[in-house]
Number of protein chains: 8
Amino acid sequence: MDAMGILRQVREGDLSPEEAFKKLQLQPIEDLGYARIDHHRALRQGASEVIYGESKTAEQVAGIAERMAEAGSTNILITRLSPEKAAFLCERVDARYDPTSRIAIAAPKDIAQPIGHVVIATGGTSDMPVAEEAALTAQTLGSHVVRLYDVGVAGLHRLLSQAEELQRARVVIAVAGMEGALASVIGGLVDCPVIAVPTSVGYGASFGGVAALLSMLTSCASGVSVVNIDNGFGAGFLAHRINKLGEK
Amino acid sequence: MDAMGILRQVREGDLSPEEAFKKLQLQPIEDLGYARIDHHRALRQGASEVIYGESKTAEQVAGIAERMAEAGSTNILITRLSPEKAAFLCERVDARYDPTSRIAIAAPKDIAQPIGHVVIATGGTSDMPVAEEAALTAQTLGSHVVRLYDVGVAGLHRLLSQAEELQRARVVIAVAGMEGALASVIGGLVDCPVIAVPTSVGYGASFGGVAALLSMLTSCASGVSVVNIDNGFGAGFLAHRINKLGEK
Amino acid sequence: MDAMGILRQVREGDLSPEEAFKKLQLQPIEDLGYARIDHHRALRQGASEVIYGESKTAEQVAGIAERMAEAGSTNILITRLSPEKAAFLCERVDARYDPTSRIAIAAPKDIAQPIGHVVIATGGTSDMPVAEEAALTAQTLGSHVVRLYDVGVAGLHRLLSQAEELQRARVVIAVAGMEGALASVIGGLVDCPVIAVPTSVGYGASFGGVAALLSMLTSCASGVSVVNIDNGFGAGFLAHRINKLGEK
Amino acid sequence: MDAMGILRQVREGDLSPEEAFKKLQLQPIEDLGYARIDHHRALRQGASEVIYGESKTAEQVAGIAERMAEAGSTNILITRLSPEKAAFLCERVDARYDPTSRIAIAAPKDIAQPIGHVVIATGGTSDMPVAEEAALTAQTLGSHVVRLYDVGVAGLHRLLSQAEELQRARVVIAVAGMEGALASVIGGLVDCPVIAVPTSVGYGASFGGVAALLSMLTSCASGVSVVNIDNGFGAGFLAHRINKLGEK
Amino acid sequence: MDAMGILRQVREGDLSPEEAFKKLQLQPIEDLGYARIDHHRALRQGASEVIYGESKTAEQVAGIAERMAEAGSTNILITRLSPEKAAFLCERVDARYDPTSRIAIAAPKDIAQPIGHVVIATGGTSDMPVAEEAALTAQTLGSHVVRLYDVGVAGLHRLLSQAEELQRARVVIAVAGMEGALASVIGGLVDCPVIAVPTSVGYGASFGGVAALLSMLTSCASGVSVVNIDNGFGAGFLAHRINKLGEK
Amino acid sequence: MDAMGILRQVREGDLSPEEAFKKLQLQPIEDLGYARIDHHRALRQGASEVIYGESKTAEQVAGIAERMAEAGSTNILITRLSPEKAAFLCERVDARYDPTSRIAIAAPKDIAQPIGHVVIATGGTSDMPVAEEAALTAQTLGSHVVRLYDVGVAGLHRLLSQAEELQRARVVIAVAGMEGALASVIGGLVDCPVIAVPTSVGYGASFGGVAALLSMLTSCASGVSVVNIDNGFGAGFLAHRINKLGEK
Amino acid sequence: MDAMGILRQVREGDLSPEEAFKKLQLQPIEDLGYARIDHHRALRQGASEVIYGESKTAEQVAGIAERMAEAGSTNILITRLSPEKAAFLCERVDARYDPTSRIAIAAPKDIAQPIGHVVIATGGTSDMPVAEEAALTAQTLGSHVVRLYDVGVAGLHRLLSQAEELQRARVVIAVAGMEGALASVIGGLVDCPVIAVPTSVGYGASFGGVAALLSMLTSCASGVSVVNIDNGFGAGFLAHRINKLGEK
Amino acid sequence: MDAMGILRQVREGDLSPEEAFKKLQLQPIEDLGYARIDHHRALRQGASEVIYGESKTAEQVAGIAERMAEAGSTNILITRLSPEKAAFLCERVDARYDPTSRIAIAAPKDIAQPIGHVVIATGGTSDMPVAEEAALTAQTLGSHVVRLYDVGVAGLHRLLSQAEELQRARVVIAVAGMEGALASVIGGLVDCPVIAVPTSVGYGASFGGVAALLSMLTSCASGVSVVNIDNGFGAGFLAHRINKLGEK
């Protein structure tokens, strides 16, 4: 935490106590009234703050993105953004928008050299929006991503025929709704970490993704962990963190 | 229904209205006070009444079994019977008891010629009590049963190496706790009916079998239907009914 | 499973290992990007792949149906298709659409000789869409279907007056919302397999079909199994599988 | 309410304001520290206070019963009393205990002339403890009770053969676990009020009585209302209240 | 049940067996394809069949009402009918519509002499639609109804000031959302049956009426039973049944 | 309660019994048919009755507000009021409307001297509507309010940098959706009462605020209590009550 | 928070940066391996750390209490302590144990002058253990406590006759299981904060306290907040915090 | 998957088709009747099969461990083993048992050089059994583990004073019951993957770990994923997999 870093500087004579106190008060947090932007997060946590677009107004989203871009952030991820808000955003800020994943990237900058190998598999066509949210997130953060879509376990050979691809992965994201069995089957096929993403695809006893969520949490395969229902962003973010470890 | 059968006899002159009315009053139901035994059920539904042992006293179980045996029933299934009640039963009635499935069979009689091919698969060792309840039920009713235990999807080749056995089945019972993915995977491998039995094996988010239940209900494989959690008896009974259809 | 079938050919000299490997790579799976079509499924599982229309775009649905029809599939079932998507589909592919069940059948072909006897009963008028999904599915696959609608247990003689029809069935589908008691009552009247379909009809404590689902899972009648809430397709598909067994 | 009754007496000159105030302060409530006994309840509500035995100590139960008996109450119902507490009670107070229903009756007094006709039906043998709690409650309050046990809907003719008995009832209590369909079927057969009592009999998806509870709440039969799971007392109490209306 | 009644006529010589059988086949049930109308229900159960309007089409509702009116039914209740369907209905059949309760009454006929005393109390203004559904149902069936609206327990004196009105009731219907405490408080004030109706009024942890439902089911007051969430019709119907008992 | 107060006056000779009775009958409750207004509530409970606008019609809301204003109430809070109803209200009554919190204040009057120190903190921007409902409620009742928005625990230093502000509070309201951890962290930082308000912000396993609700209820920090999901009004009301205590 | 306090001392020259850093490292937290004791908590938060006894071993409980007593803490609360662990504790440390509330107080010291007025009311006798946990907690922290037990709403006059006692309270704790209506009724009677404690008393649809919890969360009375099921300690702790505000 | 690996050998001429087929039939799976041991798993997935001890008999556990040890496996993990079964095991096989985590390690072998840096933090003392299950699992697989126990967020400085330790981690396991906020707070402090383990520690609304589970799934901190309630083994296993990536 920063407070500790500042104190270390005090100990090593690099900072006076007065300055230390000021810094703690004047943390690089900009208060917009409706939001507090943390401009130093990229330094501290290796990624700019991500903007959750769902329950913010178009003005709030654009306002935050604008301030972050002005402060030098690039590849600012904005998730769960409706097309209408995206249109508003793109008029105010330099941004790209992907309607399938509903992700916008403000102040976009090309990734020079994607790292590692993240495989994203889905049970069916309907899981694509969540899978693409994961894929764009990991790619924007710098990972190399391979997509294996519509490989659900009811037609097992569709998945088995991709076994080599799976085994090359440093981390696999398994995206599935309905009964979510994909995570368990992949978990038994690979020896790398598997991030399971339950989706709200389904009806009746799928209860908006609960069936897949419980199924993935109780998977009999080892090496599987789970993120929230439809949380493609979280899976992509974590996959990149794990993927990066293999670079060191 | 019998009422209709009796009326048909009236129409065809085989029965007087007076007799018809008496028969409807004097249905073959024996009232023991705590239970009404339906002695004609074997005729009507192809199987003697089954005694659910869990919440009956040892005296009640033995009393019912005794009366049914006296009335000529054989291979009377008693399910969910504790060892203590079973001991009490065996002193009063001719009966065999299997402690794994907790099934007793009163007035046991050998099955001359088991029919068809029922395959019972389990995800793990812990699912055995439920699977054996299904197996003994189907066998007692007259089916030929093959057991494939501990073939859970986390080690998929254990299941795939038994693919030929599965494909010979007229009906498959898939017994699994935890995430219950076994039903979906088997459902994708065979083209016969699959009866899924969720078990209460597991902990935490398996919620006593709910995770497996939901997973099986939302299976993306077609041809799968589900019975209650831990209902091995129900699966075995239904499997025999389906299996019998192939004999006709 | 196919992998095993291919290996058997290798063993028997009908296939070289090189060809075997190619076959495994070149499974009859066509990758459209958003979907992987399994063109050999009709061979393996006795029925073409079924298209779940709900969360696919009109373009995706039409694209898959078109490719399947070109590859020779007939009577391709498309379930949960909105009228709008159906209109789009019918412009691109030869297809029939039924608005009650929301089923489309692409590349339709008449069934020469419907087999067996599948009875579909509903508790009320409101369960008709689900019942029709089951009925059209079973009919399209080749079953003879009889409908008994609005025979709920609150007016028991409506059901009892149809007892003969029920007893002729090889398999019965019981479709009911609210308390779902229909499945138990029918289960006590017949000696064939009963497939229970809970529907989301109801309000308050019916919780979108949960009351009926739990009621059907805990039915005290033997021989009853359950599919997902509103899963008319699954019930019709399974009913045909069971019905077919009686033909052998 | 009493406060109003007292004020009315003031208005009509039967009571001075000073006395009225005292009465309101000195309500016939006796405070034992752990309980406040309402000695006038029999006057106000037509029945003595009932003691819920489950979470009281044996001393508390006996203490309350003793004070009520001393104050002149008779036929004091004590529900959910374990055999151990009952033994303790019977040493201190004149009381009878029924182990099936776990009801004790302190200061018992014979009912001269039971009124009306309350029918209590159960789905199975296992529902007897709850049914007996209802039966003893209604009998102790003064109702004539007829028992129809083990008439569950899976063997419908067991129930139909008792149709005349049901039609004589002024109120029916339907006690059932598992899927609880008994309430709906009886609700369709009679034209008197039906009180449905879900029981915790069952396993798996019966969720301790929830399946029966939801089933009964969503019954498609009119004239059915529901009490808490296993609440035989509540059903018996209400049945007597309704039964009494027919006497007026 | 009718089958029994017909058989009794056979026994007493009032009916030949041939006629009896015909009657059982030709039950007064008219099959409209989408619905089976039970024209004799008013005879058997004291009230015409009630039409649940929610998930029927306007054509179906009008069709059923029309046939019932033609067959001589009057005061036909149609519940949960949208204004649009009601407009359609009123063009085809003689009917009155109440938009608050969403009830229509087809073939309306004045009630000569309302009987008894049914009190309907609500916790708040928002519970009025459900309360009116109960009130109109009971009135249409012939009961005298008194309304006490907005007497929730958070302002207890609003309720206490109506204590005399409550005590005159033969049966009370307590309608409340949120925490549903009204049923318990009224249950402690009166000595007649109380029918509790939880409503879906509320937000957050009221979970669409579940909080009120559970609260009412676990009421510590005796003499209270519960119907489904928002089931004003069921409460009104049952209240009339109970109210009628006091007339005999 | 008033009834007691009136009786005390009788005892002390300030009121004749006749007048007392009349007062109890003529409580200051005005019955509008759809609502009973309690005009003396401000006297008894320190605040005018609050109007819950969600499920009342625009006419009902305006009618109640109008009558209250005429009777002399000021700063009448109307919560959960849609902009449409607010527009209708403002035409009929002197009122101010805040669209973020959806609160209207009828017969507004300035607060002379706000008391104490209520701090309202939110986890994120999306929690603002609920927080503003709390803030406006407390302010309207007379409290001094400080807002700390977007200080969620994932960026802990945003919260820690405001520690002094938190420590000055007499009561803190912690408003958060998602996992609701804010309440626990604040609970560990302050020694005044903390009112936790879970919000429905989130998706998937947040289940409309349930995750935050459970998290807050099980907080390991002492001194924290919880109100309903999204119940900003309740939190603001309670905060003012607690805040007032510090004034005495 | 302490870090800030230490920094302030640095700014005001009362502490050198080196010492500040050491203090932050050498926080008054003692690490026993299995627990970290915070010896300065009484200073910071006005109360010593409280020991949750439920899932600690007797050795761990005694070890922590011993170290806290040695460091000068008095009146150390230990909650949810079984009699067995309490016996072990009392042999090692000076402590008193109350078996009803299962609270132990180590290093007990008399409270000179209890402050304020905390009223604790329960719905029934069975709620006493939770109420006593609240009472002992508040008393040990220094509050004056009045107990009103067994005043549940089903016998409303038991509660109303105590209205004056309630109105004297600075804060009320309402403890109730079953339907938990007590909180709403009390909330309507008083104008001080009400802390509602749902208890797990009940059966069936009380679901271990969930019915009471939901009922209390959705209370239509203002000024009510809720703590966890059976959390008497939390209520007593918070009540004391609120009570203290009135002293300032 | 192995099937593919074998086929690759066929393609490259390292294996004849006949041998390939035999290998597929003779997979290194040993069938003990009650279990199928996969002896090659260590090769394929980097770790021997792990034995879930909970629902196996002592004989089954010992039998499997014995066979694995004979086949050359070392450091065989057996989880959720009761002390009784452990005693039985240790008599038959060379094994060590840890009663806190209930883990046994059969055929134990020292880890030469633990790799990386896995930090395991707990909210409280009560979470230790789960944390130790994670710790022993990761250590047995070869990871270097650091324990930070009892650093829950209600005393935030306990956690903040360990910030440097946390920042050295390659992966952090956050173990917490109650409200589970620890995962979110740690997630905001570190930039490595965080594995959250909800525990069943708590009571009331913690619902056996559900509150913590939901809280962790909906964490507003990025980089957090979740395993099943109390699944210390799964967290430790996954942590080692991630930790290993940093070694490459």
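Residues numbered from 1 in each chain as written. Chains lettered and ligands numbered in written order. Predicted model: local features only at pLDDT ≥ 70, side-chain atom pairs only at ≥ 80, totals over all residues. Heavy atoms only, no water.

Draft legend 1. Structural view of the relation of the copies chain D and chain B. In screw terms, the move from chain D to chain B is a rotation of 90° and a rise of 0.0 Å along the axis, fitting with an RMSD of 0.0 Å. Seen this way, the second copy is the image of the first under a four-fold rotation axis. Residues of chain D ranked by C-alpha distance from the rotation axis are headed by F207 of chain D, positioned 7.6 Å from it. (Least-squares fit on C-alpha atoms with pLDDT ≥ 70 in both.)

Draft legend 2. A look at the side chain of H117 of chain F. Residues and elements named next belong to chain F. Assignment of secondary structure puts H117 in strand β7 (residues 115-122). Given a relative accessible area of 13%, H117 falls into the buried group. What H117 contacts, discounting residues up to four positions off in sequence, is H144, V146, E165, R168, A169, R170, V171 and N243. (Helix = DSSP H or I, 4+ residues; strand = E, 2+ residues; numbered from the N terminus. Buried < 20%, exposed > 50% of the residue type's maximum accessible area, 1.4 Å probe, protein only. Contact = heavy atoms within 4.5 Å.)

Draft legend 3. How the structure looks around the environment of T140 of chain C. Residue and element names in this part refer to chain C. Inspection of the secondary structure assignment puts T140 in helix α6 (residues 128-141). Classification of T140 by relative accessible area gives buried; the value is 12%. A sequence separation of 10 residues divides T140 from D150, and the C-alpha atoms of the two residues are 23 Å apart. Leave out the neighbours within four places in its chain, and T140 touches N75, L77, I105 and I111. Here the side chain of T140 touches L136 through a polar contact of 2.6 Å, landing on its backbone oxygen. (Polar contact = N/O pair within 3.5 Å; in protein donor to acceptor, adjacent residues only side chain to side chain.)

Draft legend 4. Molecular detail of the packing of aromatic side chains. Under the criterion given, the structure shown has 16 aromatic pairs over all chains. Taken together, a centroid distance of 5.7 Å and an interplanar angle of 55° make the contact between F233 of chain C and F237 of chain C tilted. Taken together, the residues span about one helical turn, with F233 of chain C and F237 of chain C both in helix α11 (residues 232-245) at a distance of four residues. The residues F233 of chain C and F237 of chain C share a single accessibility class, namely buried. Sitting above the plane of the Y203 of chain F ring, R80 of chain A keeps its charged end 3.6 Å from the centroid. (Phe/Tyr/Trp six-rings, centres within 6.5 Å; stacked < 30°, edge-to-face > 60°. Lys NZ or Arg CZ within 6 Å of the ring centre and 35° of its normal.)

Draft legend 5. Inspection of the packing of helix α10 (residues 210-217) of chain E against helix α10 (residues 210-217) of chain G at higher detail. Close contact between α10 of chain E and α10 of chain G brings their axes to 8 Å; oriented N to C, the two are set at 125°. The angle between α10 of chain E and α10 of chain G falls in the class oblique. Helix-helix and strand crossings are classified by hand; for α10 of chain E and α10 of chain G the assignment is left-handed. On α10 of chain G, the residues touching V210, A211, L214 and S215 of chain E of α10 of chain E are V210, A211, L214 and S215 of chain G. Grouping the amino acids of the contact of α10 of chain E with α10 of chain G by side-chain chemistry returns six nonpolar, two polar and no charged. (Axes fitted to C-alpha atoms, helices over the stretch in contact; angles between N-to-C directions. Parallel < 35°, antiparallel > 145°, perpendicular 65-115°, else oblique. Left-handed = near helix turned anticlockwise from the far one by under 90°. Nonpolar A, V, L, I, M, F, W, Y, C, P; charged D, E, K, R; others polar.)

Draft legend 6. Seen up close, helix α5 (residues 83-92) of chain C. All names here are of chain C. By the burial criterion, the buried members of α5 are K85, A86 and L89. Taken end-on, α5 shows its buried residues confined to a sector of 100°, consistent with a single buried face. Exposed residues pointing more than 90 degrees away from the buried face of α5 are listed as E84 and E91. For α5, the elements touching its buried residues are α4 (58-70), β4 (76-79), β5 (95-98) and β6 (103-106). (Arc of directions from axis to C-beta.)

Draft legend 7. Structural context of the interface of chain D and chain B. In this complex, chain D contributes 19 residues to the contact, which on the side of chain B involves 23 residues. Considering only the surface of chain D that becomes buried against chain B, T125, H157 and Y203 of chain D emerge as the three largest contributors, covering 38% of it. The interface formed by chain D and chain B includes zero salt bridges. At the junction of chain D with chain B, the criterion picks out four residue pairs in polar contact (both at pLDDT 80 or more). If one sorts the elements of the side of chain D that touches chain B by residue count, helix α7 (residues 156-160) of chain D sits on top with three residues. (Buried area = accessible area lost by both parts, 1.4 Å probe. Salt bridge = Lys/Arg side-chain N within 4 Å of Asp/Glu carboxyl O.)

Draft legend 8. The arrangement of the pattern of salt bridges in detail. Applying the stated criterion across every chain yields a total of 72 salt bridges over all chains. Note that R168 of chain B is salt-bridged to E165 of chain B, the shortest N-O span being 3.2 Å. Here E165 of chain B falls in the buried class, since its relative accessible area comes to 18%. Between R147 of chain F and E132 of chain F there is a salt bridge, and its shortest N-O distance comes to 2.6 Å. Here E132 of chain F lies in helix α6 (residues 128-141) and R147 of chain F lies in strand β8 (residues 143-148), a separation of 15 residues in the sequence. What makes R147 of chain F partly exposed here is its relative accessible area of 32%. For E132 of chain F, a relative accessible area of 11% puts it in the buried group.

Draft legend 9. Representation of the sheet that holds strand β6 (residues 103-106) of chain E within the structure. All names here are of chain E. One open sheet accounts for four strands, arranged β3-β4-β6-β5; its pairing is mixed. Looking at strand neighbours, the two that pair on one side only are β3 (51-52) and β5 (95-98), the edges of this open sheet. Taken together, the three bridges between strand β4 (residues 76-79) and β6 define a ladder with antiparallel strand orientation. Counterpart to L77 in the pairing with β6 is I105. Relative to β4, helix α4 (residues 58-70) is tilted by about 170°, and along the sheet it contacts β3, β4 and β6. Contacts between helix α5 (residues 83-92) and the sheet are confined to β4, β5 and β6, with β5 contributing the most and set at about 165° to the helix. (Pairing = 2+ DSSP bridges.)

Draft legend 10. Seen up close, the interface of chain H and chain A. Contact with chain H, which involves 36 residues of that partner, is made by 36 residues of chain A. Both faces combined, the contact of chain H with chain A buries some 3300 Å², and carbon together with sulfur accounts for 56% of it. Inspection of the chain H/chain A interface yields zero salt bridges. Summed over the shared surface of chain H and chain A, the result is six residue pairs in polar contact (both at pLDDT 80 or more). Partitioned by chemical class, the residues of the side of chain H that touches chain A number 18 nonpolar, 10 polar and eight charged.

Draft legend 11. Highlighting unusual backbone geometry. The phi dihedral of N75 of chain B is positive, around 45°, even though this residue is not glycine. Here N75 of chain B shows up in the loop between α4 (58-70) and β4 (76-79).

Draft legend 12. Molecular detail of helix α4 (residues 58-70) of chain H. For α4 of chain H, spanning 13 residues, the distance from its first C-alpha to its last is 18 Å, which sits close to the expected 18 Å at 1.5 Å a residue. Two residues or fewer after α4 of chain H comes G72 of chain H, characterised by a positive phi angle close to 100°. (Expected span 1.5 Å × (residues − 1).)

Draft legend 13. Fine view of the relation of the copies chain H and chain A. Screw-axis analysis of chain H against chain A gives a translation of 0.0 Å along the axis, an RMSD of 0.1 Å, and a rotation angle of 180°. Taken together, the rotation angle and the small translation identify this as a two-fold axis. Counting the interface residues of chain H, we find that 100% of their copies in chain A are interface residues as well, pointing to one common contact surface.

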